[in-house]
Amino acid sequence: MSNPADNSREFYRLLYTSRGEWLLPDSANPLHGWDMSLVFAYGERHGLHKADAYGCLFFYLKNELSVFAKRLRECRIKLTLTMGDATLIPKAITAGTLDRFSPGCFDRIETSNLADYVSSSRILKDWSSLLNRNNQFAAILINFMNWQKRYPVILDIKGLGKQALSNYAFVMVSILAAKCEELTCVAHQGIDVQKMRITEGMNSTSPTMMRFITGISTFMNDHKMFMSFLRDQNIEHDAILCDLKLRSINQVHPKRAGASLDSSSLAIPSKLTKSEFYNT
């Protein structure tokens, strides 16, 4: 992190190498994953305009990291860092290799997007024994980050055969665009799906189409399709075998961007302004 210059003429040096090369991959954006309304609010408190998004992010993260550092000093916190295959960590703990931990010691287990690489069944089987069964709120969190990229292929494979596997991006974009043409909220946000399909030829790598796909969950309810995806994964049955159950109400993160934590699975943000939609 580097403090943004008041005149906004100085670039953020820590995002570049000494040769001026951008350190992050092209698909990465430091702004992703944060509540931008809070980010802009912290920036405005320090005299920055919303147009200086990275400057606003600096002050927001400075506050977040300061609070985190304070908690590290004042609370009883110990960090253990490991290097190795994430799928081997549960076995190491069970075997007593990591003596600081033991079965049943975790109140929350975050597995990130490990489900993109191994089955959800294996994740539940490997990690369930490490959950604290005395805590009714203990949970295993699984992020199916790329499920939307894979599931349209599953839906259309019977009709398209191997062609779907080699053409999954086109199938995905076609399905999403066809569904969203009927949504008035898409037009409200200034998105002309029909024009986009004609001028860009359903090119899944075009900037417009990529933005469209990235923000699709903001105004499209994909809950039923996601639940169908989970059923195909047999995750509910696997959870029962591990003496677990799926939560019916979210307690960690909202169903989709722009929705409240306690909103139903069918709730879709209906009053987002264009700026709010862009920032989600």
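Each chain has its residues counted from 1, following the order in which its sequence is written. This being a predicted model, a pLDDT of at least 70 is required before a residue's local features are given, and a value of 80 or more before pairs of side-chain atoms are given or counted; all residues contribute to the totals for chains, interfaces and linings. By convention in this description, side-chain values take in all heavy atoms of the structure and omit both hydrogens and water.

Colleague: Please explain the overall build of the chain as it appears in this structure.
Modeller: The helix and strand labels rest on DSSP assignments: H or I over at least four residues marks a helix, E over at least two residues marks a strand, and numbering proceeds from the N terminus. Regarding its fold elements, the chain presents 14 helices and two strands. Counting only residues that meet the buried cut, the chain has 32% of its 280 residues in that class. Residues count as neighbours in contact if any of their non-hydrogen atoms are within 4.5 Å of one another. Long-range contacts, defined as pairs at least 24 residues apart, comprise 58% of the intrachain contacts of the chain with a sequence gap of at least 6. Computed by Shrake-Rupley with a 1.4 Å probe, the accessible areas treat only the displayed protein chains as cover when residues are assessed. Just so you have it, the chain exposes about 19,100 Å², and 54% of that area is on carbon and sulfur atoms. Think of it in three bands: with a 1.4 Å probe and only protein chains considered, a residue is buried below 20% of the maximum accessible area for its type, exposed above 50%, and partly exposed in between.

Colleague: Even after reading the chapter, I still don't get helix H2 (residues 53-74), so can you show me in this structure?
Modeller: Note: α-helices contain 3.6 residues per turn, so residues at a spacing of three or four share the same orientation. Over its 22 residues, H2 extends 32 Å from the first C-alpha to the last, a length consistent with the 32 Å expected when each residue adds 1.5 Å. Every buried residue belonging to H2 is among Ala53, Gly55, Cys56, Leu57, Phe58, Phe59, Tyr60 and Leu61, and all of these are buried. Along its buried surface, H2 packs onto helix H1 (36-45). Working rule for helices: expected span equals 1.5 Å times residues minus one.

Colleague: Can you walk me through the nonpolar core in this structure?
Modeller: In a soluble, globular protein the nonpolar side chains are often hidden away together inside. By size, the foremost hydrophobic cluster in this structure holds 21 residues, and its most contacted members are Leu124, Trp127, Ile140, Phe144 and Leu244. Only helix H4 (120-127), helix H12 (223-232) and helix H13 (235-241) provide two or more residues apiece to this core. Apart from residues no more than four positions distant in its own chain, Trp127 is found in contact with Ala86, Ile89, Pro90, Ile109, Thr111, Leu114 and Ile140. Within the second largest apolar cluster, 13 residues are counted, among which are Tyr42, Leu48, Leu57 and Tyr60. Buried Ala, Val, Leu, Ile, Met, Phe, Trp, Tyr and Cys residues that are joined via side-chain atoms within 4.5 Å together make up what is termed a nonpolar core.

Colleague: Whenever I open this one, the packing of H1 against H2 confuses me. Can you help?
Modeller: To describe two helices that pack against each other, one gives the angle between their axes and the distance between the axes. Viewed as axis vectors pointing N to C, H1 and H2 meet at an angle of 95 degrees, and their least axial separation amounts to 7 Å. In terms of axis orientation, H1 runs roughly perpendicular to H2. Contacts between H1 and H2 pair Leu38, Val39, Phe40, Tyr42 and Gly43 from the former with Ala53, Cys56, Leu57, Phe59, Tyr60 and Asn63 from the latter. Gly is put with the polar residues, along with every residue not named as nonpolar or charged; the nonpolar set is Ala, Val, Leu, Ile, Met, Phe, Trp, Tyr, Cys and Pro, and the charged set is Asp, Glu, Lys and Arg. When its residues are assigned to classes, the contact of H1 with H2 shows nine nonpolar, two polar and no charged. All axes here are fitted lines through C-alpha atoms, helices being fitted over the stretch that makes contact, and every angle between N-to-C directions spans 0 to 180 degrees. Note on terminology: angles under 35 degrees are roughly parallel, angles over 145 are roughly antiparallel, angles of 65 to 115 are roughly perpendicular, and the others are oblique.

Colleague: So what exactly am I meant to see when it comes to the packing of aromatic side chains here?
Modeller: Where two aromatic rings form a pair, the distance of their centres and the angle of their planes describe that pair. Ring pairs shown here join Phe, Tyr and Trp side chains whose ring centres sit within 6.5 Å, with only the six-membered ring taken for Trp; geometry is labelled stacked below 30 degrees between planes, edge-to-face above 60, and tilted in between. In this structure the tally under the stated criterion is nine aromatic pairs. Look at Phe101 and Phe106: their rings are 5.3 Å apart centre to centre, the planes differ by 35 degrees, and that puts the pair in the tilted class. Judged by its relative accessible area of 23%, Phe101 is partly exposed. If you follow Arg45 out to its NZ or CZ, it ends over the ring of Tyr42, 4.7 Å from the centre. Criterion for a charge above a ring: Lys NZ or Arg CZ within 6 Å of the ring centre, and within 35 degrees of the ring normal.

Colleague: Sorry, what's going on with H4 here?
Modeller: Of the positions making up H4, those classed as buried are Ser120, Ile123, Leu124, Asp126 and Trp127. Where H4 is buried, its residues contact helix H3 (89-95), strand E1 (108-110), strand E2 (139-141) and H13.

Colleague: What is the right way to read a nonpolar patch on the surface from this model?
Modeller: For patch building, the residue pool is restricted to those with more than 30% relative accessible area and no salt bridge; the joining distance is 9 Å between like charges and 5 Å between nonpolar side chains (Val, Leu, Ile, Met, Phe, Trp, Tyr). By definition here, a salt bridge exists when the distance from a side-chain nitrogen of Lys or Arg to a carboxyl oxygen of Asp or Glu is within 4 Å. A surface patch of nonpolar side chains, amounting to about 380 Å² of accessible area, comprises Phe68, Leu72, Ile77 and Leu79. If you trace the backbone, Leu72 turns up in helix H2.

Colleague: Is there a simple way to think about the environment of Ile249 in this case?
Modeller: Mapping Ile249 onto the fold places it in the loop between H13 and helix H14 (274-279). According to the relative accessible area criterion, Ile249 is exposed, its value standing at 52%. Considering only alpha carbons, one finds Ile249 and Asp262, 13 residues apart in sequence, at a separation of 7.3 Å.

Colleague: I would appreciate a short explanation of the environment of Ser264 in the present structure.
Modeller: As for its position among the elements, Ser264 is in the loop between H13 and H14. Overall, Ser264 belongs to the partly exposed group, its relative accessible area being 44%. Remark: the alpha-carbon pair of Ser264 and Asn250, spanning 14 residues in sequence, is separated by 9.0 Å.

Colleague: Is there a simple way to explain the pattern of salt bridges in this structure?
Modeller: Proximity of charged atoms lets side chains of opposite charge pair with each other. Under the counting rule described, the total for this entry stands at two salt bridges. A salt bridge links Arg122 to Asp126; the nearest nitrogen and oxygen atoms lie 3.4 Å apart. Here the residue Arg122 and the residue Asp126 both occupy positions in helix H4, the gap between them amounting to four residues, near one helical turn. Judged by relative accessible area, which is 33%, Arg122 ranks as partly exposed.

Colleague: Would you mind showing me how to read the confidence of the model for the chain here?
Modeller: Atom-level detail of predicted coordinates should not be read off regions where pLDDT is low. pLDDT measures the predictor's confidence residue by residue and takes values from 0 up to 100. On average, residues of the chain score 77 in pLDDT, and 65% of them reach the 70 mark or higher. Throughout residues 4-8 the model reports pLDDT below 50, and contacts reaching past four residues in sequence, or to other chains, amount to eight contacts. Segment residues 153-162 is flagged for pLDDT under 50; beyond a separation of four residues in sequence, or across chains, it makes 13 contacts in the model.

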